[in-house]
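Spelled out from the first residue to the last, the chains are:
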Amino acid sequence: MVKLIALYKQPENKEKFDEHYFNTHTPITKKIPGLREMKVTKIVGSPMGRSDYYLLCEMFYDDHESLQNAMKTDEGKASGRDVMKFAGDIVTLMIGEELNDD
């Protein structure tokens with residue numbers, strides 16, 4: 001499985017961020033064809049105390065081709081435009097592969 005990972009730094013206004021993220025961005029993203037699962041984690045701290053990070057989102061796809069195709073769809077493009085509009089200065093996007101212990 002391949003995942004697109006979005007890691008968000010602490011926003012200036014958490015309430016405004018959460019409002020947009022959960023009520024606008026998430027519904028757009030969940031419509032992307034080929035998206036198998038979406039997991040969102042709120043970062044609550046680090047072993048050293050406060051964290052520079054606020055939210056982590058993992059979006060799972062069957063393989064790299066599925067992810068690439070998804071990003072080319074109208075829904076994928078809409079999600080990308082939206083994230084850049086409301087969080088472009090605080091988000092880092094990464095692609096990862098799930099590793100199995102088997």
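Check the entry above for the structure.
Let us look at the structure shown here.

Analysis parameters
Residues numbered from 1 in each chain as written. Predicted model: local features only at pLDDT ≥ 70, side-chain atom pairs only at ≥ 80, totals over all residues. Heavy atoms only, no water. Axes fitted to C-alpha atoms, helices over the stretch in contact; angles between N-to-C directions. Helix = DSSP H or I, 4+ residues; strand = E, 2+ residues; numbered from the N terminus. Parallel < 35°, antiparallel > 145°, perpendicular 65-115°, else oblique. Left-handed = near helix turned anticlockwise from the far one by under 90°. Contact = heavy atoms within 4.5 Å. Nonpolar A, V, L, I, M, F, W, Y, C, P; charged D, E, K, R; others polar. Salt bridge = Lys/Arg side-chain N within 4 Å of Asp/Glu carboxyl O.

Let us look at the packing of helix H1 (residues 14-30) against helix H3 (residues 74-87). Contact geometry of H1 with H3 gives a least axis separation of 9 Å together with a crossing angle of 165°. Between H1 and H3, the angle is such that the two are roughly antiparallel. Relative to H3, H1 is oriented so that their crossing is left-handed. Contacts between H1 and H3 involve Phe17, His20, Tyr21, Thr24, His25, Ile28 and Thr29 from the former and Glu75, Ala78, Ser79, Asp82, Val83, Phe86 and Ala87 from the latter. Looking at side-chain class alone, the contact of H1 with H3 contains seven nonpolar, five polar and two charged residues.

On to the pattern of salt bridges. For the structure shown, the criterion picks out six salt bridges. Residue Asp62 pairs with Arg36 through a salt bridge whose shortest N-O separation is 2.7 Å. Taken together, the residues Asp62 in the loop between strand S3 (53-61) and helix H2 (64-72) and Arg36 in the loop between H1 and strand S2 (37-42) connect sequence positions 26 residues apart. Where salt bridges share partners, they join Lys3, Glu58 and Glu98 into one cluster.

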